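# Observations on the model geometry
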Amino acid sequence: GAVVSQHPSWVICKSGTSVKIECRSLDFQATTMFWYRQFPKQSLMLMATSNEGSKATYEQGVEKDKFLINHASLTLSTLTVTSAHPEDSSFYICSARGQGGTSGYNEQFFGPGTRLTVL
Amino acid sequence: AQTVTQSQPEMSVQEAETVTLSCTYDTSESDYYLFWYKQPPSRQMILVIRQEAYKQQNATENRFSVNFQKAAKSFSLKISDSQLGDAAMYFCAYRSAGNQFYFGTGTSLTVIP
């Protein structure tokens, strides 16, 4: 199956700093990538949808100036948490959807997630 | 907006037995997809099974099968011959026409040896 990687897998940072998380589709071209946030023992909450070459679409309540998303190529999307604070500590998961042919079901392939801890 | 409800926060099953996880959803769309994902302690989301809404036949994948009741907007997952490796969080998901996924709150499955 298609593989999606995330880097880093775990990051610890000081309050006020910015953190960048990368999401890569390794063996397919992802026209659309999704970013989710998951708190412990809770479900995945969609933060934003990004299409290659265009601005991301953010879900209601998600601060676009705080969570900067860039989808510059068909294999890479980045999420930058700007001026991170302890309440931003969470598990961030990306997923990628192919151009078709990858799966007739337009399946989303999930990355392994990134644990962000803000001190 | 679509909502997905999993009414069982926790379930347990004896090894080799069968367990059914419940999921209901709310939508006004007629064409959509439904999924069950497994999230083990590693937190990697793993697709278990998928169902197209236009198909009446219930999807099956080895020991995993679904009971899809479109009129009732119900999509339950049956795990047969449960194995220790099945222990995980299970999320029911709805994929909208806009290709966005909506997840339920999850069911934590414990498999008892």
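Residue indices follow the written sequence of each chain, beginning from 1 at its first position. The lettering of chains begins at A and the numbering of ligands begins at 1, in the order of writing. Totals for whole chains, interfaces and linings use every residue, but because this is a predicted model, local features are given only for residues with pLDDT of at least 70 and side-chain atom pairs only at 80 or more, for both listing and counting. Side-chain numbers come from the whole structure's heavy atoms, not from hydrogens or water.

### Description of unusual backbone geometry
Across residues other than glycine, the phi torsion is negative in most instances, and most of the peptide bonds are trans. Cis geometry marks the peptide bond from His7(A) to Pro8(A), where omega comes out at 0°. The helix count covers DSSP runs of H or I at least four residues long, the strand count covers runs of E at least two residues long, and both are numbered beginning at the N terminus. In this structure, Pro8(A) sits in the loop between strand E1 (4-7) and strand E2 (10-13). Positioned with a positive phi, Ser83(A) is a non-glycine residue whose angle comes to about 45°. Checked against the element boundaries, Ser83(A) lands in the loop between strand E8 (76-81) and strand E9 (90-98). Located in the positive-phi region is Asn62(B), a residue other than glycine, with phi close to 55°. With respect to the secondary-structure elements, Asn62(B) resides in the loop between strand E7 (60-61) and strand E8 (64-69). Classification of Asn62(B) by relative accessible area gives exposed; the value is 80%. For every residue, the accessible area (1.4 Å probe, protein chains only) is compared with the maximum for its type, and the residue is labelled buried under 20%, exposed over 50%, or partly exposed between those bounds.

### Focus: the sheet that holds E1(A)
Residues and elements named next belong to chain A. Any two strands are treated as partners once DSSP identifies two or more bridges connecting them. Spatial ordering of the open sheet is given by E1-E3-E8-E7, a layout of four strands whose pairing is antiparallel. A single partner strand is all that each edge strand has here, and the edge strands are E1 and strand E7 (67-73). On average, each strand axis in the sheet is inclined to that of its neighbour by 15°, with strand direction left out of account. Examined bridge by bridge, strand E3 (residues 19-25) and E8 share six bridges and lie antiparallel to one another. Note that in E8 the partner of Lys 20 across the bridge is Thr 80. Note on geometry: axes are lines fitted to C-alpha atoms, helical ones only across the stretch in contact, with angles between N-to-C directions running from 0 to 180 degrees.

### Points about the state of the cysteines
The criterion for a disulfide is a pair of cysteine sulfur atoms lying within 2.5 Å. Applying the stated rule across the entire model yields two disulfides over all chains. The disulfide partner of Cys23(A) is Cys94(A), and the gap between their sulfur atoms is 2.0 Å. Taking the torsion about the sulfur-sulfur bond, which here is approximately 80°, the covalent link between Cys23(A) and Cys94(A) counts as right-handed. With Cys23(A) in strand E3 and Cys94(A) in strand E9, this pair connects stretches of sequence that are 71 residues apart. The disulfide partner of Cys23(B) is Cys92(B), and the gap between their sulfur atoms is 2.0 Å. Because the sign of the S-S torsion sets the handedness, a value of about -70° for the bond joining Cys23(B) and Cys92(B) places this disulfide among the left-handed ones. Of this pair, Cys23(B) sits in the loop between strand E3 (19-21) and strand E4 (24-26) while Cys92(B) sits in strand E10 (residues 88-95), and the two are 69 residues apart along the sequence. Side by side, Cys23(B) and Cys92(B) carry an identical accessibility label, which is buried. For the unlinked cysteine Cys13(A), the closest cysteine sulfur is that of Cys94(A), found at 18 Å. Exposure remark for Cys13(A): the relative accessible area of 9% places this residue in the buried category.

### Digging into the pattern of salt bridges
Here, a salt bridge means any Lys or Arg side-chain nitrogen found within 4 Å of an Asp or Glu carboxyl oxygen. Applying the stated criterion to the full structure yields five salt bridges over all chains. Put simply, Lys66(A) and Asp88(A) hold a salt bridge, and the shortest N to O gap is 2.9 Å. Remark: Asp88(A) occurs in the loop between E8 and E9 and Lys66(A) occurs in the loop between strand E6 (57-58) and E7; sequence separation between them is 22 residues. Ionic pairing is found between Lys55(B) and Glu52(B), a salt bridge with its closest N-O pair at 3.3 Å. Taking relative accessible area as the criterion, Glu52(B) reaches 6% and is therefore assigned buried.

### Here we look at the layout of surface pockets
Estimates place the volume of the largest pocket at around 340 Å³. Ten residue types, Ala, Val, Leu, Ile, Met, Phe, Trp, Tyr, Cys and Pro, are classed as nonpolar, four, Asp, Glu, Lys and Arg, as charged, and the remainder, Gly among them, as polar. Here the residues of the lining of the largest pocket sort into six nonpolar, seven polar and three charged. The space that makes up the second largest pocket amounts to roughly 290 Å³. Put simply, the grid is 1 Å and covers the protein atoms alone, a cavity is a trapped set of points that fit a 1.4 Å probe, a pocket is an open set with protein on both sides within 12 Å along at least five of seven lines, and lining residues have an atom within 4 Å of a point. Lining of the second largest pocket is provided by 14 residues; of these, Leu44(A), Met45(A), Gln2(B), Tyr102(B) and Phe103(B) occupy positions nearest its centre. Elements that contribute at least two residues to the lining of the second largest pocket include exactly strand E5 (44-51) of chain A together with strand E1 (3-5) and strand E11 (101-103) of chain B. Split by residue class, the lining of the second largest pocket holds eight nonpolar, five polar and one charged. Grid points are joined across faces, edges and corners, and a volume is the space filled by probe spheres set on the points.

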